[in-house]
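# Structural characterization, general
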Amino acid sequence: MKRRPLIAGNWKMNGSQAANAALASEIAVAAGTHAAELLVCPPAVYIGTVGAALAGSAVQLGAQSLAEQTQPGAFTGEVCGAMLVDVGCRYVIVGHSERRILFGENDAIVAKKVAAALAAGLTPILCVGETLVERDNGLEGAVLRRQLHAVFDACSPAQLAELVIAYEPVWAIGTGRTASPAHAQAVHALIRGEIAVRDAKIADSTRILYGGSVKPDNAAALFSEPDVDGGLIGGASLKSAEFLAIAAAA
Ligand code: 13P
C-alpha cells in the first residue's frame, strides 16, 4: 500500500507571535506544490495565530502535547484535546522524549494522553525512541516494544488504525547525529512488525515517521527507505526553506 508521506514540524518552545506567523505564512505559500502532507506544531499559545496564517492552505495544524484529562475542569496550566480541536488542530504529538525525560511522562501517562487525543478526534503522533545508554546496552528493541505496547494494549483496532508513530532515537535529537537510513529502516520495520502482530492491514497503512536531526541533505536518503513514511522535524522546521526542502524530498 502506498502511504502518503507526512512531514511534520515540531517547533518546540520557539519563536514569537510575529516570527511564528511569518514562518507559517512562508510555508503556507509553498505548500500546495508538495506531494507530502505538511503539518506544523507551534507552541500552544501561538496555535490560533499560526492557524490564521495557514488559513486556506493545505498545511495542517497540530499541537505538541495535550492534557490526559478529557473533560474541561480544574486542571491549572493544562490544555485538553477538545480545546486543540476548537482552535483548528488535527494532530497532536504525544510522548516526545523531551516530555518523557524532562517532564516525567511515563508510558502510562503517554497511553492516557493518546486515549485523550483519540477521544477528542485528534490524530496522535506517538513518539518512541531509545536513549544512547539504552542503545549501548542492547536495550533498543525492548525499550521500543515497551513504549509501543503501553499504548497498543489500551487501543481498540479502530483506535490503532488512527495512530501515526514517530521513531525518534534520543541520541539523534538536536545533536546533528542522524540515524543511518539502514538503521531507521530496521527500526521502522520492527515497529511495523509490532503493529502487524495486532493487525496486518493496519500495519500496512500506518505512517511511521523518522525524527532526529533530519536536514535537507539527509532527508531524501531516509525517506527512500520503504518503511520511512516521512519525518518529524525539529530544528530544521524553524526555517521555511529547510522545512520545504525536506518536504520536497519526501
Ligand atoms: P531535531 O530535528 O532538532 O533533531 O529534533 C527532532 C525532534 O525532536 C522532533 O520532534
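Let us look at the structure shown here. (Residues numbered from 1 in each chain as written. Predicted model: local features only at pLDDT ≥ 70, side-chain atom pairs only at ≥ 80, totals over all residues. Heavy atoms only, no water.)

## Remarks on the pattern of salt bridges
Pairing is possible between side chains of opposite charge, provided their charged atoms come close. Here is the rule we go by: For this analysis, a salt bridge means a side-chain nitrogen from Lys or Arg found within 4 Å of a carboxyl oxygen belonging to Asp or Glu. Helical segments are the DSSP runs of H or I of at least four residues, strand segments are the runs of E of at least two, and each set is numbered from the N terminus. For every residue, the accessible area (1.4 Å probe, protein chains only) is compared with the maximum for its type, and the residue is labelled buried under 20%, exposed over 50%, or partly exposed between those bounds.
Counted by the stated rule, this structure contains 15 salt bridges. Close ionic contact of Glu37 with Arg207 constitutes a salt bridge, the shortest N to O distance being 2.8 Å. In this pair, Glu37 is assigned in strand β2 (residues 37-41) and Arg207 in the loop between α10 (200-205) and β7 (208-211), connecting sequence segments 170 residues apart. In this structure, the salt-bridge partner of Arg135 is Glu140, at a minimum N-O distance of 4.0 Å. Looking at Glu140, the relative accessible area reads 18%, which means it is buried.

## Things to note about the site of the ligand
For the record, the criterion: If a single non-hydrogen atom of a residue is within 4 Å of a molecule or strand, that residue counts as near it. Whenever a nitrogen or oxygen atom comes within 3.5 Å of another N or O atom, the pair is scored as a polar contact, on the condition that within protein one atom can donate a hydrogen and the other can accept it, and that pairs from neighbouring residues in sequence are kept only if both atoms are in side chains. A 1.4 Å probe and the Shrake-Rupley method give the accessible areas. Residues count as covered only by the protein chains that appear here. Side-chain classes are defined by residue name, with Ala, Val, Leu, Ile, Met, Phe, Trp, Tyr, Cys and Pro counting as nonpolar, Asp, Glu, Lys and Arg as charged, and the others, Gly among them, as polar.
Neighbouring the ligand are Asn10, Lys12, His96, Glu168, Ala172, Ile173, Gly174, Gly212, Ser213, Leu232, Gly234 and Gly235. In this structure, an oxygen atom belonging to the ligand sits 3.0 Å away from a side-chain N or O atom of Asn10. In the environment of the ligand, an oxygen atom lies 2.9 Å from a nitrogen or oxygen atom belonging to the backbone of Gly234. For the ligand, the protein covers 96% of the area, taking 310 Å² as the surface of the free molecule. Of the residues contributing to the shell around the ligand, the split by class is three nonpolar, seven polar and two charged.

## Regarding the layout of surface pockets
Formally: Each cavity reported here is a set of points on a 1 Å grid over the protein atoms alone in which a 1.4 Å probe fits but cannot get out, each pocket an open set with protein on both sides within 12 Å along at least five of seven lines, and each lining residue one with an atom within 4 Å of a point. Grid points are joined across faces, edges and corners, and a volume is the space filled by probe spheres set on the points.
Quantified by volume, the largest pocket comes out at close to 640 Å³. In terms of lining residues, the largest pocket is bounded by 26 residues, among which Ala44, Gln64, Ser65, Arg99 and Phe103 are the most central. Residue assignment for the lining of the largest pocket shows that the elements contributing at least two residues are α4 (97-102) and α5 (107-120). Residues of the lining of the largest pocket, tallied by class, amount to 13 nonpolar, six polar and seven charged.

## Here's the deal with the environment of Leu232
Using the following cut-off: Any two residues whose heavy atoms approach within 4.5 Å are treated as being in contact.
With respect to the element layout, Leu232 can be found in strand β8 (residues 230-233). Looking at Leu232, the relative accessible area reads 1%, which means it is buried. Between the C-alpha atom of Leu232 and that of Val85, which follows or precedes it by 147 residues, the distance is 21 Å. Not counting the four nearest positions on each side in its chain, Leu232 is found in contact with Ala8, Asn10, Ile93, Cys127, Ala166, Glu168, Leu209, Tyr210, Gly211 and Gly212.

Coordinates in, geometry out; function isn't part of it.
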